[in-house]
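Now for the letters of each chain:
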Amino acid sequence: MIPLPLDLAPEVAGARTSGGAIVALESTIITHGMPFPENLETARQVEQTVRDCGAVPATISVLSGRLKIGLNGDELEALARMPDAAKLSRADLAACLASGGDGATTVAAAMIAARTAGIEVFATGGIGGVHRGAETSFDISADLNELAQTPVTVVAAGAKAILDVPKTLEVLETLGVPVITYGQDAFPAFWSRASGLPSPLRMDRAEEIAAAHLLRASLNLPGGQLVANPIPYAAEIPQDEMERVIAAAGRDAQTKGVSGKAVTPFLLQRIFELTNGQSLEANIALVLNNARLASEIAKSLAAQRGNA
Ligand code: PSU
Ligand code: MN
């Protein structure tokens, strides 16, 4: 083995030494999920929200072939302005490090990096999943397999309706990934608080979610947990309003022959355009909401380990 080119931000290194709460954050949402400058503003707000909650944020990316766990202000801005950052999932991470490239990490790659750095809680907007039409395209995000094998608790606002939500839940069940909805029985669908499907599990307290994370380790179970956190009421967009737009974006992707890792960024960008940017406001609100819950879980993990 050769040593990993790993850089921990001083704040993150400090929290690791003291056993403090740390929340990992992905970066594909910055480079491929939101337009500039909203991406940079949101990334800064998410980090500030984590700090306000009493935890340390660790935004994950690859810069000049180094795996960064926590970015300083200049690095965050450089990433947000980067027009051609690679989108790194499990398959791409080591190759990007080997070639000295720059890239943003998806949920899957950020989970791998978080585990490497000893971080167990992670916040994002939405995870990747089983795409509509997967029965012919075979398009299933590597995020799902990652949840099955990497022991990180991931807080997301459910699964975005660009995916086939029932199939996504079926695959998660097959993989043995706990899907825990926070504070309600219905599994949320990103912009909407309900997907029309019940959540496999429900928990109402961050402490319980942290305890379940620790007990999975005690049981020697590989893999993490998916925590589905419903978007705040005030920011919700009803599902039927989004459906028309999602269907149109899906048709555009098909017409243009978009495939592979380009599919999710294409759909997100198209939906942004088709809603004249309206989808973005909801997206920002739910990411901040997820950062808050992830911070509470991370603090509880630290406390239950006797570090706080
Ligand atoms: N879903 C969203 N916003 C996002 C993504 C998904 O609502 O920004 C990003 C995340 O980084 C996720 C990735 O891990 O897309 C999934 O890509 P793929 O479907 O190609 O695995
Ligand atoms: Mn895919």
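Bear in mind that the values here come from a model prediction, so they are computed numbers and not experimental data.

### Quick notes on the nonpolar core
Ranked by size, the top nonpolar core spans 104 residues in total, and within it Ile69, Ile119, Val154, Leu226 and Ile297 carry the most contacts. Ranked by residues supplied to this core, first place goes to helix H13 (residues 278–304) with 13 residues.

### Quick look at the packing of helix H3 (residues 38–52) against helix H4 (residues 73–81)
Between H3 and H4, whose axes approach to 9 Å, the crossing angle comes to 145°. Pair H3 / H4 crosses with right-handed handedness. Contacts from Asn39, Leu40, Ala43, Arg44 and Glu47 in H3 reach Leu76, Glu77 and Ala80 in H4. For the contact of H3 with H4, the residue count by class is 4 nonpolar, 1 polar and 3 charged.

### Quick notes on the packing of aromatic side chains
What the rule picks out here adds up to 1 aromatic pair. Ring geometry for Phe190 against Trp191: centres 5.1 Å apart, planes inclined by 85°, an arrangement best described as edge-to-face. Note on accessibility: Phe190 and Trp191 belong to one class, buried. Directly above the ring of Tyr233 sits Arg193, whose terminal nitrogen or CZ lies 3.8 Å from the centroid.

The rules we used
Residues numbered from 1 in each chain as written. Chains lettered and ligands numbered in written order. Predicted model: local features only at pLDDT ≥ 70, side-chain atom pairs only at ≥ 80, totals over all residues. Heavy atoms only, no water. Core = buried A, V, L, I, M, F, W, Y, C linked by side-chain atoms within 4.5 Å. Buried < 20%, exposed > 50% of the residue type's maximum accessible area, 1.4 Å probe, protein only. Helix = DSSP H or I, 4+ residues; strand = E, 2+ residues; numbered from the N terminus. Axes fitted to C-alpha atoms, helices over the stretch in contact; angles between N-to-C directions. Left-handed = near helix turned anticlockwise from the far one by under 90°. Contact = heavy atoms within 4.5 Å. Nonpolar A, V, L, I, M, F, W, Y, C, P; charged D, E, K, R; others polar. Phe/Tyr/Trp six-rings, centres within 6.5 Å; stacked < 30°, edge-to-face > 60°. Lys NZ or Arg CZ within 6 Å of the ring centre and 35° of its normal.

Coordinates in, geometry out; function isn't part of it.
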